[in-house]
Amino acid sequence: MPVDRLLPTQEAEDLLELTRDLADKELATRVEEHERAETYPEGLFATLGQAGLLGLPYPEEVGGGGQPYEVYLQVLEELAARWAAVAVATSVHSLSCFPLFTFGTEEQKQRLPEMLGGDVVGGYSLSEPQAGSDAAALRCKAEKVDAGYRITGTKAWITHGGRADFYALFARTGEGSRGVSCFLAPGQAEGLSWGKPEEKMGLHAVPTATANWDGAVLDADRLIGREGQGLEIAFSALDSGRLGIAACAVGLAQGALDAAVEYANERTTFGKKIVDHQGLGFVLADMAAAVDSARATYLDAARRRDLGRPYSRQASAAKLVATDNAMRVTTDAVQVFGGYGYTRDFPVERYMREAKIMQIFEGTNQIQRLVISRGFAREVRA
């Protein structure tokens, strides 16, 4: 069912309407085929790009859509309500452009129009097999050489891995937490190879893969920011990325709620629709409250970001609340369907599987609690 949104402009209303129409025609009609077969949706991201949906939160002068984060996130939510994997990959693409836009030189930013124009997609390459939540423990090395930087090591858990055209890559140029640097890496390079995509519980249509860097050399102008500034760049980007995942989680939960409400109005037991049984009606009410509260939480953080206010703690809270609520709502959706919910005849079992990863990536929800609590400590000291 359409969400009654409070959007800031008529332009934003029109954009959401366009997104819904495209999502219904291009995503909802293809999701089951590709998720079941675990096949990549060739051409779909180009379609999103042509519609202007891959660069929305960036200024028009660099090739973006010039939309506030408040609007961009609601676009992501609409995509996720139809196809979570595509929405997550769209969010990651936006995340991968953040380092160059925020920390790049004016000359480096000349690459942004191509990155945001929709013809290419990006990935974010921070995690490693032994360095997930503890990003400072990464080992992949960037050794300075005459031609630029020689990259050696392994990067893991890369959304769009092996399919993206470029990656925001984080590698070690020195020791300690100040020894990590950020690079804009090409999707293909001599000395770069890709492992077999991970066999995941959900989000099957978009690969998650490991990158093996075996001495590939990146030009010196591929360094973003200063040497040693990588973790600062990574963590500032992740604040925005967490809002993207929060919006995806809300969209997924909204899709599950819509499916549950539709089913509850069709299924009958004891002579009446199951939605008219108070016990089931209360379950649906709790699901709706969880979706609405999660949406309000991410919109509050987004509006703070749009106003230039600090929002790191609110971004972590939004990611925590939205993804925990998505797990709860999708689980309840399966319960509403009863035995049918445990089969692949209906999409709610897929929604439940997809919700789980959202509690894990872009920082586990335990890490979000750590970020929030440390935020309180800083506020008290200030």
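Owing to the predicted nature of the structure, the values given are computational and were not obtained by experimental measurement.

Tracing the backbone through its elements, the reader meets glutamate 78 in helix 4 (residues 69–82). Not counting the four nearest positions on each side in its chain, glutamate 78 is found in contact with Arg5, Leu16, Thr19, Arg20 and Ala23.

A few words now on the environment of glycine 153. The topology assignment puts glycine 153 in strand 3 (residues 148–159). With 19 residues separating them in the primary sequence, glycine 153 and arginine 172 have C-alpha atoms 9.8 Å apart. Once you skip the residues sitting within four places of it in the chain, glycine 153 turns out to touch Cys140, Ala211, Asn212 and Trp213.

Our next topic: helix 1 (residues 10–27). For helix 1, with 18 residues, the first-to-last C-alpha span of 25 Å sits near the 26 Å given by 1.5 Å per residue. Burial in helix 1 covers these residues: Ala12, Leu15, Leu16, Thr19, Arg20, Leu22, Ala23 and Leu27. The secondary structure elements touched by the buried residues of helix 1 are helix 2 (31–37), helix 3 (44–50), helix 4 and helix 5 (84–103).

Further remarks concern the packing of aromatic side chains. Scanning the model with the defined rule gives ten aromatic pairs in all. Ring geometry for tyrosine 149 versus phenylalanine 183: centroids 5.0 Å apart, planes at 65 degrees, classification edge-to-face. With tyrosine 149 in strand 3 and phenylalanine 183 in strand 5 (residues 180–186), the pair connects residues that are 34 residues apart, well separated along the chain. Using a relative accessible area of 3% as the deciding quantity, one classes tyrosine 149 as buried. Relative to tryptophan 194, the ring of tyrosine 167 has its centre 5.2 Å away and its plane inclined at 40 degrees; by these criteria the two rings are tilted. Of the two residues, tyrosine 167 is situated in strand 4 (residues 166–172) and tryptophan 194 in strand 6 (residues 192–194); the sequence distance between them amounts to 27 residues. Of the residues examined, tyrosine 167 reaches a relative accessible area of 2% and is grouped as buried. Here the aromatic cluster, defined as three or more aromatic residues joined through ring pairs, consists of Tyr263, Phe337, Tyr340 and Phe346. The ring of tyrosine 69 has arginine 305 sitting right over it, with the charged end atom 3.8 Å from the ring centre.

Further remarks concern the UniProt feature "domain: Acyl-CoA dehydrogenase/oxidase N-terminal" (unreviewed entry) in the protein chain. Summarizing the sequence annotation, UniProt attributes the feature "domain: Acyl-CoA dehydrogenase/oxidase N-terminal" (unreviewed entry) to residues 9–118 in the numbering used throughout. Counted over residues 9–118, helix gives 65% and strand 0%. Its end C-alpha atoms are 24 Å apart.

Scoring rules and cut-offs
- Residues numbered from 1 in each chain as written.
- Predicted model: local features only at pLDDT ≥ 70, side-chain atom pairs only at ≥ 80, totals over all residues.
- Heavy atoms only, no water.
- Helix = DSSP H or I, 4+ residues; strand = E, 2+ residues; numbered from the N terminus.
- Contact = heavy atoms within 4.5 Å.
- Expected span 1.5 Å × (residues − 1).
- Buried < 20%, exposed > 50% of the residue type's maximum accessible area, 1.4 Å probe, protein only.
- Phe/Tyr/Trp six-rings, centres within 6.5 Å; stacked < 30°, edge-to-face > 60°.
- Lys NZ or Arg CZ within 6 Å of the ring centre and 35° of its normal.
- UniProt positions renumbered as here; feature names shortened; annotations may be inferred.

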